[in-house]
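# Chain and residue survey
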Amino acid sequence: MAVQLQQLRYFVSVAEVRHFTRAAERLGVSQPTLSKQIHTLEAALGAPLFDRSRGAVVLTTAGETLLPLARRIVAEADTARDAVQEVVGLRRGRVRLGATPSLCTSLVPKVLRDFRAEHPGIELHVDEGGSQDLVAALVAHGLDLALIVEPARGTDPSLETVPLLRESLVVASVTPLSSRIALAELRDTPLVMFRTGYDLRDTTLEACRRAGFTPRYAVEGGEMDAVLAFVEAGLGVALVPSMALVNRPLLHATPLVAPGVHRTIALAQRRESVLPHAAQAMRATLLDHVSRGPLPVGVQAL
């Protein structure tokens, strides 16, 4: 028997919700139809994909092996469908854009506004997260484009990146510290630290190391919104992008003395994949916006 795309789509849905009835509702089909298609897929592959014997839907080893492949096949099929629709004149389609939290609250809304004005029929999906998570989503075909922090060690070889912005970091605090501050002056000041795996954590630790000290933590483990809320609560200070403090009236931004701490924001996409037309249009809109400005405080175009 041949494996059908619809069967893989049904399999992915059941694997994600771990429940046949809820998966059927999500897909808009009857539960018996869904179950029959899964059984047909299992027969075609010659192995059970789900263990239903313990009162729960659990992936078998065969199911765990199939899941990432099935997700990729379904994603590629959706991309092919969207590409055909977009040829009609970008009246339909979707763009899946990822961005870091500071960019989601500053640059990205203006880019989306410009894009929506030109292409009102295109669906916009935004994934906010740390750069490592965004890179993983890109590689797994979960995003078309992502605005990431370019690491010094380089990005995944399967990705192509274009440096766009140079972003300055500032010290966020409840009370003003001074007009400017050297990072080494924070040696004895408790820092609010981002969670492990979040790119700003690595940036902060490396900057402190170069300044000759290991920081003390007031609290650690949050992402951008949580870290800023912890600083607002007076728990400590944090090293953040200056534009992250937009619409944060309770916090003060103290610039670092030269040379300061900076990071590069790059636009990333998969190297070997052709961007759907809608994503190409989004890429063009983003590049145009960066070149024309104005850009958020503390950000320079490269």
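So, here is what we can say about the structure in this document. Small disclaimer: the values here were computed from a predicted structure and weren't measured.

With that settled, the discussion passes to the side chain of Arg201. Structurally, Arg201 can be placed in helix 8 (residues 199-210). Reaching out from Arg201, the side chain makes a polar contact with the backbone oxygen of Phe194 at a distance of 2.7 Å. The contacts of Arg201, once residues within four sequence positions are left out, are Met193, Phe194, Arg195, Thr196, Tyr217 and Glu220.

Next up on the list: the packing of aromatic side chains. All told, the structure shown has three aromatic pairs when counted by the stated rule. With a centroid separation of 5.8 Å and 75° between ring planes, the pair formed by Phe20 and Phe50 is classed as edge-to-face. With a gap of 30 residues between them, Phe20 in helix 2 (residues 20-27) and Phe50 in strand 1 (residues 50-51) connect regions that are remote in the sequence. Among the residues examined, Phe20 registers a relative accessible area of 10% and is labelled buried. Taken together, the ring pairs connect Phe11, Phe20 and Phe50 into an aromatic cluster.

Let us look at the pattern of salt bridges. Opposite charge on two side chains permits pairing when their charged atoms draw close. In total, this model carries 18 salt bridges according to the counting rule given. A salt bridge links Asp288 to Arg292, with the shortest nitrogen-to-oxygen separation between them at 2.7 Å. One end of the pair, Asp288, and the other, Arg292, are both in helix 10 (residues 277-292), four residues apart, so they sit about a helical turn from each other. The exposure class assigned to Asp288 is partly exposed, which follows from its relative accessible area of 36%. Bridged by salt links that share partners, the residues Arg113, Asp114, Asp288 and Arg292 form one connected network.

Reading guide: rules and limits
Residues numbered from 1 in each chain as written. Predicted model: local features only at pLDDT ≥ 70, side-chain atom pairs only at ≥ 80, totals over all residues. Heavy atoms only, no water. Helix = DSSP H or I, 4+ residues; strand = E, 2+ residues; numbered from the N terminus. Polar contact = N/O pair within 3.5 Å; in protein donor to acceptor, adjacent residues only side chain to side chain. Contact = heavy atoms within 4.5 Å. Phe/Tyr/Trp six-rings, centres within 6.5 Å; stacked < 30°, edge-to-face > 60°. Buried < 20%, exposed > 50% of the residue type's maximum accessible area, 1.4 Å probe, protein only. Salt bridge = Lys/Arg side-chain N within 4 Å of Asp/Glu carboxyl O.

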